[in-house]
Amino acid sequence: MAVSPRLATTAFNRTFINAPYIVAAIKKLFKSSSSFRNDFRVSPNSLIVGAKRRSDGSVLSKSVLNAAPSTGTSQKRLYSSSAVDSSKSTIVPDFSKYRKSSDENTSRAFTYLMVGTTGALTAAGAKNSITDFLVNMSASADILALAKVEVDLAKIPEGKNVVIKWRGKPVFIRHRTSGEIAEANATQLSELRDPQNDSDRVKKPEWLVMLGVCTHLGCVPIGEAGDYGGWYCPCHGSHYDISGRIRKGPAPLNLEIPAYDFDGEDKLVIG
Ligand code: FES
C-alpha cells in the first residue's frame with residue numbers, strides 16, 4: 001500500500017502513542033512506504049523510532065512510539081506492590097519478654113482454682129439472697145399469732161354470748177342452754193331457706209361458734225334479738241335462729257362456721 005510521506009511524517013510528529021493494538025498497523029503502514037523505509041526502524045523492545053531530516057541529511061526532529069510488547073489483546077502491567085519486598089515491608093515488634101514463663105499445667109491449675117472459687121462464692125451469695133427474700137415475704141410473728149385464737153370457755157357462763165376478733169372479723173361464741181339445743185334440733189329442714197341440721201353446725205351442742213358477719217351485705221348482727229331468739233341484722237332486717245340459720249329477711253345463707261377445735265374441756269382454738 002502506498003502512503004504519502006506527508007501522512008507518515010504527520011503520524012509520527014506525536015511524541016508518544018501508548019496504544020499497543022495499533023503497533024502492527026503502524027509497522028505495516030511504514031513498511032509499505034518505500035520512500036521512508038530508511039527513516040523508521042523497530043527496536044528490539046518494540047520502540048518505533050522515526051526521524052525527520054533536512055535536505056542535507058541532518059536530523060530535524062525525532063519521534064518515538066512507545067509500544068510495550070503485548071500478548072494477545074491486553075497489555076501486561078505490573079502492580080506497584082509487586083515491586084516491593086513484602087518480607088521487609090512489615091516490622092513486627094518482639095513480644096517475647098512479655099510471654100508467660102510458667103508451664104501449661106501450672107496455668108491450668110490456677111484457672112481451675114479461680115473458676116471454682118468464683119462459683120462457690122456466687123452460689124453462697126445467691127443462697128443468702130433467696131433466703132432473705134423468703135424470710136422477708138413470710139408472715140411476721142404478730143400475724144402468725146393472730147392466725148389462731150385461744151378462748152377460755154370456763155369464763156363464759158351458760159346462756160351468754162361472747163364476741164372475739166379473729167383475723168379482723170367478729171366471731172360469736174354462744175354457750176347454749178339445753179332448751180336452746182332442743183329448740184334448734186326441733187326445727188324442720190323444710191322451714192329453712194338454707195337447710196342445715198344443727199348437729200352439722202356444732203362440734204359440741206352447748207357451744208355454737210360462728211362468724212358474726214351477715215350473709216346479706218356483711219353487717220354484724222345483734223345477739224339475743226330477732227323473731228327467732230338468735231341474732232338480728234338491723235341493716236336490712238335479717239333474722240337468724242339459735243343455731244345461726246337464716247329464717248327471715250334478705251340474707252341468703254346461714255351464718256358461716258369457722259374452723260375451730262377444742263383443746264381439752266375448757267379451751268377453744270379458733271383457726
Ligand atoms: S347486711 Fe344484714 S340484712 Fe343486709
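Let me sum up the structure you'll find in this document. (Residues numbered from 1 in each chain as written. Predicted model: local features only at pLDDT ≥ 70, side-chain atom pairs only at ≥ 80, totals over all residues. Heavy atoms only, no water.)

## Let's talk about the overall build of the protein chain
(1) Moving on: The number of helices and strands found in the protein chain is six helices and 15 strands.
(2) Moving on: Burial analysis of the protein chain (271 residues in total) assigns 29% to the buried set.
(3) Moving on: Counted over contacts in the protein chain with a minimum sequence separation of 6, partners at least 24 positions apart contribute 50%. (Helix = DSSP H or I, 4+ residues; strand = E, 2+ residues; numbered from the N terminus. Buried < 20%, exposed > 50% of the residue type's maximum accessible area, 1.4 Å probe, protein only. Contact = heavy atoms within 4.5 Å.)

## Quick word on the pattern of salt bridges
Once their charged atoms are close, side chains differing in charge can pair, the charge on each being opposite to the other.
(1) Moving on: Evaluated as defined, the whole model comprises eight salt bridges.
(2) Moving on: Across the pair D198 and R176 runs a salt bridge whose closest N-O atoms are separated by 2.8 Å. With D198 in the loop between helix 6 (178-186) and strand 9 (207-211) and R176 in the loop between strand 8 (169-175) and helix 6, this pair connects stretches of sequence that are 22 residues apart. By the burial criterion, D198 is buried, and R176 matches it. (Salt bridge = Lys/Arg side-chain N within 4 Å of Asp/Glu carboxyl O.)

## Comments concerning the state of the cysteines
(1) Moving on: By the definition in use, this model includes one disulfide.
(2) Moving on: Across a sulfur-sulfur distance of 1.9 Å, C219 and C235 are joined as a disulfide pair. Residues C219 and C235 are joined through a disulfide that is left-handed, its torsion about the S-S bond being -105 degrees. Taken together, the positions of C219 in the loop between strand 9 and strand 10 (222-223) and C235 in the loop between strand 11 (229-233) and strand 12 (238-241) put the pair 16 residues apart, joining distant regions of the chain.
(3) Moving on: A relative accessible area of 21% places C219 in the partly exposed class. (Disulfide = S-S within 2.5 Å.)

## Topic: a negative patch on the surface
(1) Moving on: A cluster of acidic side chains, namely D152, E158, E206, E265 and D266, defines a negative patch on the protein surface.
(2) Moving on: If you trace the backbone, D266 turns up in the loop between strand 14 (260-262) and strand 15 (267-270). (Patch = residues over 30% accessible without salt bridge, like charges linked within 9 Å, V, L, I, M, F, W, Y side chains within 5 Å. Areas by Shrake-Rupley, 256 points an atom, 1.4 Å probe, with all protein chains shown as cover. Lys, Arg positive; Asp, Glu negative; His and termini not counted. Charge placed at Lys NZ, Arg CZ, Asp CG, Glu CD.)

## Re the side chain of E180
(1) Moving on: With respect to the helices, strands and loops of the structure, E180 is situated in helix 6.
(2) Moving on: Residue E180 is classed as buried on the basis of its relative accessible area of 13%.
(3) Moving on: Ignoring sequence-local partners within four residues, the contact set of E180 consists of R174, H175 and I242.

## Some details on helix 6
Residues spaced three or four apart along an α-helix face the same direction, because each turn holds 3.6 residues.
(1) Moving on: Of the positions making up helix 6, those classed as buried are E180, I181 and A184. Buried residues of helix 6 fall within an arc of 100 degrees about the axis and therefore sit on the same side. Counted as exposed and oriented over 90 degrees from the buried face of helix 6: S178 and A186.
(2) Moving on: If you follow the buried residues of helix 6, they end up packed against strand 8. (Arc of directions from axis to C-beta.)

## Re the environment of Y232
(1) Moving on: Take Y232: it is sitting in strand 11.
(2) Moving on: A C-alpha to C-alpha distance of 9.8 Å links Y232 and G244, two positions twelve residues apart in sequence.
(3) Moving on: Not counting residues up to four positions away in its chain, the partners in contact with Y232 are P221, I222, A225, G226, G237, S238 and H239.

## Observations concerning the sheet that holds strand 7 (residues 161-166)
(1) Moving on: Taken together, the three strands give an open sheet; going across it, the order is 7-8-9, and neighbouring strands pair in antiparallel fashion. For this open sheet the edge positions go to strand 7 and strand 9, each flanked by a neighbour on one side alone. Each adjacent strand pair in this sheet contributes to an overall mean axis angle of 20 degrees, direction not counted.
(2) Moving on: Here five bridges tie strand 8 to strand 9, and the two strands are oriented antiparallel to one another. (Pairing = 2+ DSSP bridges. Axes fitted to C-alpha atoms, helices over the stretch in contact; angles between N-to-C directions.)

## Comments concerning the packing of aromatic side chains
(1) Moving on: Scanning the model with the defined rule gives three aromatic pairs in all.
(2) Moving on: Between F95 and Y98 the ring centres are 6.4 Å apart and the planes differ by 50 degrees, which places this aromatic pair in the tilted class.
(3) Moving on: You can call Y98 exposed: its relative accessible area is 60%.
(4) Moving on: Considering the side-chain rings of F172 and W231, the 5.9 Å spacing of their centres and the 5 degrees angle between planes classify their relative orientation as stacked. Taken as a pair, F172 in strand 8 and W231 in strand 11 lie far apart in primary sequence, 59 residues in all.
(5) Moving on: F172 gets classed as buried once you look at its relative accessible area, which sits at 4%.
(6) Moving on: Its guanidinium or amino end placed over the ring of F262, K204 lies 4.5 Å from that ring's centre, counting from NZ or CZ. (Phe/Tyr/Trp six-rings, centres within 6.5 Å; stacked < 30°, edge-to-face > 60°. Lys NZ or Arg CZ within 6 Å of the ring centre and 35° of its normal.)

## Some points on the environment of E158
(1) Moving on: With respect to the element layout, E158 can be found in the loop between strand 6 (149-152) and strand 7.
(2) Moving on: Judged by relative accessible area, E158 falls into the exposed class, the value being 53%.
(3) Moving on: Sequence spacing of E158 and R174 is 16 residues, and the spatial spacing of their C-alpha atoms is 8.2 Å.
(4) Moving on: If sequence neighbours within four positions are ignored, E158 has contacts with H175, R176 and T177.

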